[in-house]
Amino acid sequence: MAVGIGVSVLVDGERVDPADVLGAVTPLAQENGVTVERSASVLLLTADEVGSLAALAEPLAAWWQRYGPTEGCSAVALRFAGRYGASEMTYCLPDLAVEIVRDTILVESGPVYGPGERPGLVRRVGAWLVRPFRVGFDATQVQVVEEHGVLTVALAGREWDDTPRCLEFQARDPADEHYDPADDEGLCLVTEAHAPAWKGLRALRLDRGSLRVRLTREAATELGLRSPVFHVRLRLDPAGLAALRVGLGQVFALTAAHTTPTLDLGDPNATDGPLDIDAER
């Protein structure tokens, strides 16, 4: 099934004409097998896999940054429209724009449904009823990206009604030539709501079936979570689990001077097959 996402830039609440970005997007789209269509001022991107869509992050981030988004001001926004809703980004550090746009595409792109293929009413209502009582989500993808001196480990998945979920761990590398100690607040946690929380991790435990995260009350509030205990069930193959373990180890090594959470990253020599989490439910 194809995956897709809609992207637009808004300035003072009005969508801008995407004509000036098509020249940068089209060659990359053709190279990565992405179909680009326009619906008024929205770019509709579709491909066979989400990684192809994420390859367009650089020109899309540049399109947004061209209008000068500023901290504390929502006049300029980059909007992503999935099958079940929209999200906006109004500001980020310019050197992180490409990375954050790529991560957002990876998390929020969804299936392109044909007639009658969308999840039915019962499934959507069930997901809506369960969500307030479900702390965490099932993760099916892991991404470890190092760019512009920032290491990001992102876990992504979806709810029963296809609503995207994400938990990211971000850290700045003090060895990077552009590192600024005054701009380093330590470990940063981010969810699909794009609201960051710094130095809010109290404990973390990784095992074959799950990642258990304990936060401070303040961090849980900043991230929009109803509980400081967050449970990500892992539907990852052994390679994905290994990448997650190594990535988290690197993140915490970079932030060791800022925070000392209780960490348990499990057995790095485990070679078991795909993870079976059913027994934990």
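Numbering of residues begins from 1 in every chain and follows the order in which that chain's sequence is written. Local features in this predicted model are restricted to residues whose pLDDT is 70 or higher, and side-chain atom pairs enter the listing and the counts only when it is 80 or higher, whereas totals over whole chains, interfaces and linings include all residues. Neither water nor hydrogens contribute to the side-chain values; these are computed over all heavy atoms in the structure.

Undergrad: Would you mind going over the pattern of salt bridges in detail, with residue names and values included?
TA: The term salt bridge refers to a side-chain nitrogen of Lys or Arg lying within 4 Å of a carboxyl oxygen of Asp or Glu. One pass over the full model with this rule turns up 8 salt bridges. Between Asp-264 and Arg-205 there is a salt bridge, with its nearest N and O atoms 4.0 Å apart. Residue Asp-264 is located in strand 16 (residues 262–264), and its partner Arg-205 is located in strand 13 (residues 201–206); the two are separated by 59 residues in the primary sequence. When accessible area is computed with a 1.4 Å probe and restricted to protein chains, residues below 20% of their type maximum are described as buried, those above 50% as exposed, and intermediate ones as partly exposed. Taking the relative accessible area as the measure of exposure, Asp-264 reaches 36% and is therefore partly exposed. Only DSSP runs of H or I with at least four residues qualify as helices, and only runs of E with at least two residues qualify as strands; both kinds are numbered from the N terminus onward.

Undergrad: With reference to specific residues and values, describe the pairing of strand 4 (residues 42–47).
TA: Any two strands with at least two DSSP bridges between them are considered paired. Where strand 1 (residues 3–11) meets strand 4, 5 bridges bridge the pair, whose relative direction is antiparallel. The partner of Gly-4 across the bridge, within strand 4, is Thr-46. Between strand 3 (residues 35–39) and strand 4, which follow one another and run antiparallel, lie 2 residues, and Ala-40 among them has a positive phi close to 60 degrees.

Undergrad: Residues and numbers for the packing of helix 3 (residues 57–65) against helix 4 (residues 97–108), please.
TA: Between N-to-C directions, angles span 0 to 180 degrees; the directions come from axes that are lines fitted to C-alpha atoms, helices contributing only their stretch in contact. Contact pair helix 3 / helix 4: the axes reach a minimum separation of 8 Å and the direction vectors enclose 120 degrees. Relative to helix 4, the element helix 3 is oriented oblique. Classified by chirality, the crossing of helix 4 by helix 3 is right-handed. Residues Ala-57, Glu-58, Leu-60, Ala-61, Trp-64 and Gln-65 of helix 3 lie in contact with helix 4, whose contacting residues are Ala-97, Val-98, Val-101, Arg-102 and Ile-105. Within the contact of helix 3 with helix 4, the residues separate by chemical class into 8 nonpolar, 1 polar and 2 charged. Between 65 and 115 degrees an angle is taken as roughly perpendicular, under 35 as roughly parallel, over 145 as roughly antiparallel, and anywhere else as oblique. In this scheme the crossing of two helices becomes right-handed for a clockwise turn of the near helix relative to the far one and left-handed for an anticlockwise turn of less than a right angle. Any two residues having at least one pair of non-hydrogen atoms within 4.5 Å are treated as being in contact. Under the convention adopted here, Pro, Cys and the residues Ala, Val, Leu, Ile, Met, Phe, Trp and Tyr are nonpolar, Asp, Glu, Lys and Arg are charged, and Gly plus all remaining residues are polar.

Undergrad: Let's hear about the pairing of strand 9 (residues 150–158): which residues, and what values?
TA: Counting buried residues in strand 9 gives 8 out of 9 residues, a clear majority hidden from the surface. Where strand 9 and strand 10 (residues 164–172) come together, 9 bridges link them in antiparallel fashion. What sits directly across from Leu-155, in strand 10, is Leu-167.

Undergrad: Describe the packing of aromatic side chains, naming the residues involved and giving the relevant values.
TA: Aromatic pairing here means that ring centres of Phe, Tyr or Trp (its six-membered ring) are within 6.5 Å. Orientation follows from the plane angle: under 30 degrees is stacked, over 60 is edge-to-face, and everything else is tilted. For the structure shown, the criterion picks out 2 aromatic pairs. Here the aromatic rings of Phe-137 and Phe-230 are separated by 6.0 Å at their centres, their planes lie at 65 degrees, and the arrangement is edge-to-face. Placement of Phe-137 in strand 8 (residues 136–147) and of Phe-230 in strand 15 (residues 229–234) is noted, with a sequence separation of 93 residues between them. What makes Phe-230 buried here is its relative accessible area of 3%. Considering the side-chain rings of Phe-169 and Phe-252, the 6.4 Å spacing of their centres and the 70 degrees angle between planes classify their relative orientation as edge-to-face.

Undergrad: An account of the environment of Thr-216 is requested, with residue identities and associated values reported.
TA: Counting through the fold element by element, Thr-216 comes out in the loop between strand 14 (210–215) and helix 6 (217–222). A relative accessible area of 21% means that Thr-216 is categorised as partly exposed. As a C-alpha pair, Thr-216 and Leu-201 span 15 residues in sequence and 6.4 Å in three-dimensional space. Not counting chain neighbours up to four residues away, the residues in contact with Thr-216 comprise Gly-200, Arg-202 and Pro-228. Within polar-contact distance, the side chain of Thr-216 engages the backbone nitrogen of Ala-219 at 3.1 Å. Polar contact is the term for a pair of N or O atoms within 3.5 Å; when the atoms are in protein, one must be able to donate a hydrogen and the other to accept it, and sequence-neighboring residues count only if both atoms are side-chain atoms.

Undergrad: Describe helix 1 (residues 19–32), with residues and values.
TA: Here, expected helix span is obtained from the residue count minus one, scaled by 1.5 Å. For helix 1, built from 14 residues, the straight-helix expectation of 20 Å at 1.5 Å per residue is met to within 8% by its first-to-last C-alpha distance of 20 Å. In helix 1, a bend of some 40 degrees at Val-25 exceeds every other bend along the element, and Pro-27, a proline, comes one to four places later. By the burial criterion, the buried members of helix 1 are Val-21, Val-25 and Ala-29. Those residues of helix 1 that are buried lie in contact with strand 3, strand 4 and helix 3. We define the bend at any residue as the angle between the axes fitted to the seven residues before and including it, ending there, and the seven starting there.

Undergrad: Help me get a handle on unusual backbone geometry, residues and values and all.
TA: Residues apart from glycine generally show negative phi values, whereas peptide bonds are mostly found in trans. One non-glycine residue with positive phi stands out, namely Asp-12, at about 55 degrees. Along the chain, Asp-12 falls in the loop between strand 1 and strand 2 (14–15). Note on Asp-12: relative accessible area 62%, which makes it exposed. Non-glycine residue Ala-40 carries a positive phi angle of around 60 degrees.

Undergrad: Please give an account of the nonpolar core that cites residues and values.
TA: Note that soluble globular proteins tend to have their nonpolar side chains buried in a common cluster. Residues belong to one nonpolar core when they are buried, are Ala, Val, Leu, Ile, Met, Phe, Trp, Tyr or Cys, and are joined through side-chain atoms within 4.5 Å. Judged by nonpolar contacts, the single largest core of 34 residues is most densely connected at Leu-45, Leu-60, Trp-64 and Val-101. Among the secondary structure elements, those contributing two or more residues to this core are strand 1, helix 1, strand 4, helix 2 (50–54), helix 3, strand 5 (76–82) and helix 4. With 6 residues, helix 4 is the largest single contributor of residues to this core. Not counting chain neighbours up to four residues away, the residues in contact with Trp-64 comprise Val-9, Pro-69, Val-76, Ala-77, Leu-78, Met-89, Thr-90, Tyr-91, Cys-92, Ala-97 and Val-101. Phe-137, Leu-151, Leu-234 and Leu-244 belong to the second largest nonpolar core, which has 32 residues in total.

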